[in-house]
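Structural overview
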Amino acid sequence: MSWGICFKSCGSGIRYRSRHCKKGHYFSYGCPGRHHELGYCNTFSCTSSFANDPPSPMFSFDSKSVANLCSGANSDVVFIFGDFNGDRNVDVMCGNQDGDFEVGLVTSNGDINTASWRGRLDGCVVQSGQIAVGDFNGDAMSDIVCVDRVKKKTTVRLSNNGQFPTGEGYSGSFCTDDSDWLIPLDIDGDSKWDFMCSHNNRDHEILMNSFTNPS
């Protein structure tokens, strides 16, 4: 799958992409390897143009980040990345097959506030489902969308400064067939991400976001 957006316009950002496993579970014989991949992007300095300035170093010895997210999980763990509190830093979420998730908010110097939030995200199935991020209410914070292909349910959980309280921003059966793959993106440029579903027969279906902020 193609790379997602870069979370920084300069100064070394991170981008993310994932793949859909059609045969077996991830790391199994039918689907070796991870389902997600991270890459660096826009590594040039923010103080000068891309053409005239060499890329900034990817790593430096005086920069470190340590986090023990999901360290006690006794089942498969998935990691999701997004700006969950709207500070333009890429935060980390991890979850296990039991539906227990944790969020680590990243500071401007790259440190991770371990387990800034812990809770359950019902419907977010690590092995047989799909988990993705997008800003579905236009508040510049990454929300979570979960596809449960067993229960045929797609659920959006809205972020509140890196917290994910109970309650659903959207609940429906869009893009829940076994061969479907949900792609969140802002199709109409209104800052509220929409859904595109890629079907196995290569047809695509679009669900526009009609979310209205409560007055």
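Computed from a predicted structure; not experimentally measured.

1. Focus on the environment of Leu-185
You can see Leu-185 is positioned in strand E11 (residues 181-185). For Leu-185, a relative accessible area of 29% gives the class partly exposed. As a C-alpha pair, Leu-185 and Met-208 span 23 residues in sequence and 9.9 Å in three-dimensional space. Apart from residues lying up to four places away in sequence, Leu-185 is in contact with Trp-193, Asp-194 and Met-196.

2. Things to note about the nonpolar core
Counting residues in each nonpolar core, the largest one holds 16 residues, and the members touching the most others are Met-93 and Ile-144. Those elements giving two or more residues to this core turn out to be strand E3 (77-82), strand E5 (100-106), strand E7 (130-134) and strand E8 (143-148). Counting 10 residues, the second largest nonpolar core, distinct from the first, contains Val-145, Val-147, Leu-182 and Cys-197.

3. A word on the pattern of salt bridges
Opposite charge on two side chains permits them to pair, given that their charged atoms come into close proximity. The final tally for this structure, using the stated rule, is three salt bridges. Linking Glu-102 and Arg-118 is a salt bridge whose minimum nitrogen-to-oxygen distance equals 3.3 Å. Here the residue Glu-102 occupies a position in strand E5, and Arg-118 occupies one in strand E6 (residues 112-120), the gap between them amounting to 16 residues. When the shortest N-O distance is used, the salt bridge between Asp-178 and Lys-152 registers 3.8 Å. Here Lys-152 lies in the loop between E8 and strand E9 (153-157) and Asp-178 lies in the loop between strand E10 (170-172) and E11, a separation of 26 residues in the sequence. For Asp-178, a relative accessible area of 58% translates into the label exposed. Lys-152 sits in the partly exposed class, given a relative accessible area of 35%.

4. Looking at unusual backbone geometry
The phi dihedral of Ala-140 falls on the positive side, at around 70°, and the residue is not glycine. Even without being glycine, Lys-152 reaches a positive phi, approximately 55°.

5. Here we look at the confidence of the model for the protein chain
Scored by pLDDT, the protein chain has a mean of 77; 74% of the residues are at 70 or more. Note that residues 59-66 has pLDDT below 50 and, in this model, eight contacts with residues that lie over four places away or in other chains.

6. With respect to the side chain of Asn-137
As for its position among the elements, Asn-137 is in the loop between E7 and E8. Given the relative accessible area of 9%, Asn-137 is considered buried. Here the side chain of Asn-137 touches Asp-139 through a polar contact of 3.3 Å, side chain to side chain.

7. Some words on the packing of aromatic side chains
According to the stated counting rule, one finds five aromatic pairs in the structure shown. Considering the side-chain rings of Phe-174 and Phe-195, the 6.2 Å spacing of their centres and the 15° angle between planes classify their relative orientation as stacked. With Phe-174 in the loop between E10 and E11 and Phe-195 in strand E12 (residues 194-198), the pair connects residues that are 21 residues apart, well separated along the chain. According to the relative accessible area criterion, Phe-195 is buried, its value standing at 6%. An aromatic cluster is present here, built from Phe-136, Tyr-170, Phe-174 and Phe-195 joined pairwise through their rings.

Each value, and the rule that gives it
Residues numbered from 1 in each chain as written. Predicted model: local features only at pLDDT ≥ 70, side-chain atom pairs only at ≥ 80, totals over all residues. Heavy atoms only, no water. Helix = DSSP H or I, 4+ residues; strand = E, 2+ residues; numbered from the N terminus. Buried < 20%, exposed > 50% of the residue type's maximum accessible area, 1.4 Å probe, protein only. Contact = heavy atoms within 4.5 Å. Core = buried A, V, L, I, M, F, W, Y, C linked by side-chain atoms within 4.5 Å. Salt bridge = Lys/Arg side-chain N within 4 Å of Asp/Glu carboxyl O. pLDDT = per-residue confidence, 0-100. Polar contact = N/O pair within 3.5 Å; in protein donor to acceptor, adjacent residues only side chain to side chain. Phe/Tyr/Trp six-rings, centres within 6.5 Å; stacked < 30°, edge-to-face > 60°.

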